[in-house]
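# Chains, contacts and geometry: an overview
If you want the building blocks of each chain, they are given just below.
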Amino acid sequence: TGVLQLEDPGRIPSATEGSDVMRLVARAEEQLELGDAESARLVALEAVHAYPEQSATHLVLGRVLMGLGQLEAAEEAFLEALRLDPGMAAARRLLGVALVAGGRFDDAIMAWERWKQLPDRPPAEVRLQGAVETLQESARRIADAVRGKYA
């Protein structure tokens, strides 16, 4: 007599769960902003452990790890966020930053190209277009210099 719609609870968080995820992410970001990277790391790890299928938890973990100089681990966290949400602009942009910080200039340039091609970037990401293009051009110049193009 009616239509019954089922949702996979592993894919779609309930309102309470969604707010819990965002609370943990906000706590990690707050600790990071306060300069307490270790507390931020612990909260971010708690968030990833509690909500491994939420891309926001992996994004904040990547930000924290990058701040701690753990570039490979940060890259892995950003890649996991992108696996869960391929259109997550912040993860794509920050992946480029982690790659360039690790000396992987060509990979960073490609990550930023993909970032620029994302169709639905949030306004905050769109506002970063000029900065990302500057980073991309700098990475190109450094990559060229490393290859001896200017020798």
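Preceding this paragraph is the structure being described.
In short, a report on the structure. (Residues numbered from 1 in each chain as written. Predicted model: local features only at pLDDT ≥ 70, side-chain atom pairs only at ≥ 80, totals over all residues. Heavy atoms only, no water.)

Now for the packing of helix H6 (residues 105-117) against helix H8 (residues 129-146). Between H6 and H8, the least distance of the axes is 9 Å, while the angle of their chain directions is 155°. The orientation of H6 relative to H8 falls into the category roughly antiparallel. Along this stretch, H6 crosses H8, giving a crossing that reads as left-handed. Residue-level inspection shows Phe-105, Asp-106, Ile-109, Trp-112, Glu-113, Trp-115 and Lys-116 of H6 in contact with H8, the latter providing Gln-129, Val-132, Glu-133, Leu-135, Gln-136, Ala-139, Arg-140, Ile-142, Ala-143 and Val-146. The class makeup of the residues in the contact of H6 with H8 is 10 nonpolar, 2 polar and 5 charged. (Axes fitted to C-alpha atoms, helices over the stretch in contact; angles between N-to-C directions. Helix = DSSP H or I, 4+ residues; strand = E, 2+ residues; numbered from the N terminus. Parallel < 35°, antiparallel > 145°, perpendicular 65-115°, else oblique. Left-handed = near helix turned anticlockwise from the far one by under 90°. Contact = heavy atoms within 4.5 Å. Nonpolar A, V, L, I, M, F, W, Y, C, P; charged D, E, K, R; others polar.)

Glancing now at the nonpolar core. Within the largest apolar cluster, 40 residues are counted, with the highest numbers of intra-cluster contacts made by Leu-59 and Phe-78. Residue assignment for this core shows that the elements contributing at least two residues are helix H1 (15-33), helix H2 (37-50), helix H3 (55-67), helix H4 (71-84), helix H5 (89-101), H6 and H8. With residues up to four places along the chain from it excluded, the contact list for Phe-78 reads Leu-59, Gly-62, Arg-63, Met-66, Ala-91, Leu-94, Leu-95 and Ala-98. (Core = buried A, V, L, I, M, F, W, Y, C linked by side-chain atoms within 4.5 Å. Buried < 20%, exposed > 50% of the residue type's maximum accessible area, 1.4 Å probe, protein only.)

Scanning all chains against the criterion turns up 0 aromatic pairs. For Arg-121, the ring lying beneath its charged end belongs to Trp-115, and the centroid distance is 4.2 Å. (Phe/Tyr/Trp six-rings, centres within 6.5 Å; stacked < 30°, edge-to-face > 60°. Lys NZ or Arg CZ within 6 Å of the ring centre and 35° of its normal.)

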